[in-house]
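# Tertiary structure, described
Residues per chain, in single letters:
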Amino acid sequence: GRPAVAATLRALNGALGRPAALWVKETGARNLRHRDFLAPRAALSAAFPGGQVPPEAVSAVPSLRGPAVLPLRVCRQTPAGLAVQVRRPEAFRRLLGPLPGPSPGAAEARTGCVVLHCPALRSPAALRPRHLRSVLLADHLAQLLRAQGVGVRLVPALGEERSWDVLRQLRICWASGSGGSSLTDAISALKAALGRCPCAVAYEQGLGTAEGVISKVHLKSFVEQQGLLGYDPNLDVLLVTEGTLRSLAELQEAVLQCPVSGPTALPTSGFPSSSCCSIVHVVNCEEEFQQQQLDVLWRILDPGAHTALQKHLVCGPVKVTNPSSPIGADQYFQLRKRQMYEASVMKYGELAQDEAWTEVIDTLTVAAIRFEMLSTAHRSQITLDLENNTISTKGTKSGAFVMYNCARLATLFNSFQRAVERGTYPPLPPVSELNFSCLREEGEWLLLFNYLLPFPEVLQQAAQLPPPSKGIRITANTETVCKFLIQLSMDFSSYYNRVHILGEPFPHLFDQMFARLQLLGAVRDVFHSALATLNLPPLSQI
C-alpha cells in the first residue's frame, strides 16, 4: 500500500492508547532535520500524568506496521515532546513508484453525484470579473470532484445566442445546448405546480406592472412554516417569470441526468445520504439573494429530497482598483495577456516574440488568471490591480511561476533523454534497482514528505464539501491546490537552484543521479495531476 499521512497519524495515536489526536506532522525544514512527527509536550501533559508516556508505549512506536503506515525508525523523548523519525530510504522506495491510478471499475462505481449550478452564466449582460470568479471556482471544483470519482453535472448549459470566447480562452470546460422537449415538459410541469401552490397568487398585468410575470409567490411564509435556517430575512414576495421556471427546469433536468444508483453521498463530505444528487449553487455575493429566492421557490414547487439538499457556496467580492469604467471579463483577459507578453519579452527578449511563443503566453495568461482568482479562500475579497503589472514572471506567488517550474522539469528530462540517446548516460533503471540511500540532501526529503506523500490527501481535502453548521452556506477548500502548487514550486525551485542533477558521466555518480531523477519524475507527475484540476496543460518549455 501507498503510505499516507492520515493512516500514519492514526497508528501513532493508537500506539499511545489515547483517543485524542496527540501527534502532528512536521513541515518546516528546520524541524525535519531532527524529526518527522511530534507529540508536543503540552498535548502529552494533558493526556498523561506529568506528561510521562509509559516506556513500553514509546518503545512500541518504531514497530508500528500497516499497509499505509510509514516505516518508522526511532521514537524518543525530547524537550519539545515525543519525536519520531521515519526510515527515509524505505519511505523513498515505497513512495517513488507510479502514483496509484483509479481502481478497475472506478469509472462505473461512482461515489455520488453533484449538480454545480453557476447563475453567473445566466447574466444577460457581459460577464465581469466577479462572474468569472464563481465560474472558475465551479470549473475547478468539478475537476476535483471527478478526480474523486464523483459524477458532476454543470448548470446552466451555455446558450448559442451569445459568444463565450472568454470561457474558451480560459480553458473552462462547460456544456452547451439549448434544451429540448424534455425541458419544455419540465417547464409545463412547474407551471402546473405553481397553479396548485397555496403560496402563489395570479399576477394581473396592469399599468406600471412588470412584464412577463406570471405569478407571485410568498416565500417568507413558507420559510417560516418549514423552519428553514440561513435565509435572508428580507425574502418576501417573488415575481415568477418564464425565465425563473426555465432556470428551475434546467436544474431538475440535471438532477434526472445524474448517474446515481442506490444511496449516495459525497466522499467524507457529510452530506445526508440520499438516492438524489446534491445541489451546490456557486454564486458571487451579489447574486446570493436572488439565488436564495430561486432555492425557496424550487422547494415549494418540488418538495423532493433533492431540493432539500441545496447548498450555497458563496464567493466574496472582486474589487477592481481604479477602473476608468466597468471592465468586462474579456477585457480583463486581454489586459492580463498583454501584460504577460510584455513581462515575457522583458525576461526572455526576442525569443518571446516568436510565433511559437503564442501558445506559451496564452497558457501563462490562463495560469495567472486562475491563480489570481482561486488561490484566495472563496469567502474572502479579491483585489485586482489592473494598472500595475502584478503578474510578472518573477513573482513566487503567481501561476506563471508554477508553470515556469513545471517547464524546468520538462527541460531536465528532455536533456536527460537526449544525453541517453547520445550515449552519455545509461537509461534510467527500474525503481527496484535504485539506491535511495543516496538521497540525503535536505530538499529531497522535503519534496517527498511535504508534497509526494500528502498529495492524494490534498486532492481529497480540496474536493470535500463539508455540511454547514447551520443554514445553507457551505465552505470549500478551493484554494488548497493553488497554494499547494505555489509552495511546491518554491521548494522545488530552491532545491533545483542548489543541486546539480545531471552531473559528470562517471559511473560512481550514477546511483545518486538516477535516484534524484526518480524523485523529480514523481514531482513532475504531481505537478501535472494538480494542474489538470485547473484545466492547465503542462508546458514543455519556457
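As a reminder, the structure under discussion sits directly above these lines.
The rules behind these values
- Residues numbered from 1 in each chain as written.
- Predicted model: local features only at pLDDT ≥ 70, side-chain atom pairs only at ≥ 80, totals over all residues.
- Heavy atoms only, no water.
- Helix = DSSP H or I, 4+ residues; strand = E, 2+ residues; numbered from the N terminus.
- Buried < 20%, exposed > 50% of the residue type's maximum accessible area, 1.4 Å probe, protein only.
- Contact = heavy atoms within 4.5 Å.
- Areas by Shrake-Rupley, 256 points an atom, 1.4 Å probe, with all protein chains shown as cover.
- Pairing = 2+ DSSP bridges.
- Axes fitted to C-alpha atoms, helices over the stretch in contact; angles between N-to-C directions.
- Salt bridge = Lys/Arg side-chain N within 4 Å of Asp/Glu carboxyl O.
- Disulfide = S-S within 2.5 Å.
- Expected span 1.5 Å × (residues − 1).
- Polar contact = N/O pair within 3.5 Å; in protein donor to acceptor, adjacent residues only side chain to side chain.
- Parallel < 35°, antiparallel > 145°, perpendicular 65-115°, else oblique.
- Left-handed = near helix turned anticlockwise from the far one by under 90°.
- Nonpolar A, V, L, I, M, F, W, Y, C, P; charged D, E, K, R; others polar.

From N to C terminus, the protein chain includes 19 helices and 13 strands. For the protein chain, the proportion of its 542 residues judged to be buried stands at 52%. Long-range pairs, those at least 24 residues apart, make up 76% of the contacts in the protein chain between residues at least 6 apart in sequence. Summing over all exposed atoms, the protein chain offers an accessible surface of approximately 24,300 Å²; the carbon and sulfur share of this is 52%.

A word on the sheet that holds strand β8 (residues 213-218). The 3 strands lie next to each other as β7-β8-β9, forming an open sheet whose pairing is antiparallel. Every interior strand has two partners, whereas the edge strands, β7 (200-202) and β9 (237-241), have only one. Neighbour to neighbour, the strand axes of the sheet diverge by 30° on average, direction disregarded. For β8 and β9, the ladder comprises 5 bridges, and the chain directions are antiparallel. For V217, the partnering residue across the bridge sits in β9 and is L238. The sheet contacts of helix α11 (residues 288-301) involve β8 and β9, and relative to β9 the element is tilted by about 80°.

The strand order across the open sheet formed by 4 strands is β1-β2-β4-β3, and the pairing between neighbours is antiparallel. Because the sheet does not close on itself, it has two edges, and the strands there are β1 (24-25) and β3 (72-78). Relative to strand β4 (residues 81-86), strand β2 (residues 37-40) runs antiparallel, the two sharing 4 bridges. Residue L38 lies in a different strand from β4, and its bridge partner there is A83.

One pass over the structure, following the stated rule, counts 17 salt bridges. The shortest N-O distance in the salt bridge between E442 and R33 comes to 2.5 Å. Note that E442 is positioned in helix α16 (residues 442-452) and R33 in the loop between α2 (29-32) and β2, a separation of 409 residues in sequence. Overall, the relative accessible area of 35% leaves E442 in the partly exposed class. Across the salt bridge formed by D165 and R168, the nearest N and O atoms sit 3.5 Å from each other. Here the residue D165 and the residue R168 both occupy positions in helix α7 (residues 165-169), the gap between them amounting to 3 residues, near one helical turn. Judged by its relative accessible area of 40%, D165 is partly exposed. Judged by its relative accessible area of 55%, R168 falls in the exposed class.

Let us look at the state of the cysteines. Throughout the structure, instances matching the rule amount to 2 disulfides. The side chain of C113 participates in a disulfide bridge whose partner is C258; the two sulfur atoms lie 2.0 Å from each other. Handedness here is read from the sign of the S-S torsion; for C113 and C258, about -60°, the answer is left-handed. Residue C113 is located in strand β5 (residues 113-117), and its partner C258 is located in the loop between α10 (242-257) and β10 (278-284); the two are separated by 145 residues in the primary sequence. For the residue pair C113 and C258, the accessibility class agrees, reading buried in each case. Note on cysteine connectivity: C258 is disulfide-linked to C277, with sulfurs 2.3 Å apart. Of this pair, C258 sits in the loop between α10 and β10 while C277 is found in the loop between α10 and β10, placing the two residues 19 residues apart along the sequence. Given the relative accessible area of 9%, C258 is considered buried. Exposure remark for C277: the relative accessible area of 1% places this residue in the buried category.

Attention now moves to helix α13 (residues 329-348). The end-to-end C-alpha distance of α13, which contains 20 residues, comes to 28 Å, matching closely the 28 Å that a straight helix rising 1.5 Å per residue would cover. Residue G349 follows α13 closely and has a positive phi angle near 70°.

Our next topic: the environment of L229. Considering the arrangement of structural elements, one finds L229 in the loop between α9 (219-226) and β9. A residue is classified by how much of its surface remains accessible, and L229, at 55% relative accessible area, is exposed. Spatially, the C-alpha atom of L229 lies 4.5 Å from that of G471, the residues being 242 residues apart in sequence. Setting aside residues no more than four positions away along its own chain, L229 makes contact with G471 and I472.

So, on to unusual backbone geometry. At the junction of V155 and P156, the peptide bond is cis and its omega measures out at 0° in the coordinates. Tracing the backbone shows P156 in the loop between β6 (151-155) and α7. The backbone of R171 shows a phi angle near 60°, a positive value even though the residue is not glycine. Structurally, R171 is set in the loop between α7 and α8 (181-196). Among the residues examined, R171 registers a relative accessible area of 28% and is labelled partly exposed. For N535, which is not glycine, the phi torsion reads 55° and is therefore positive. Within the element layout of this structure, N535 appears in the segment after α19 (507-532). A relative accessible area of 15% places N535 in the buried class.

Turning next to the side chain of T307. If you trace the backbone, T307 turns up in helix α12 (residues 305-308). Of note is the side chain of T307, whose polar atom sits 2.8 Å from the backbone oxygen of D302. The residues touching T307, leaving out its near neighbours within four places in the chain, are W298, R299 and D302.

What follows deals with the packing of α10 against α11. Where α10 contacts α11, the two axes come as close as 11 Å, and the packing angle between them is 70°. Compared by their axis directions, α10 and α11 come out roughly perpendicular. Here the hand of the crossing between α10 and α11 comes out right-handed. Where α10 abuts α11, its residues T244, L245, S247, L248, L251, Q252 and V255 lie against L294, L297, W298 and L301. Along the lines of polarity and charge, the residues of the contact of α10 with α11 split into 8 nonpolar, 3 polar and no charged.

Honestly, that's just the spatial picture; any functional story needs more than this.
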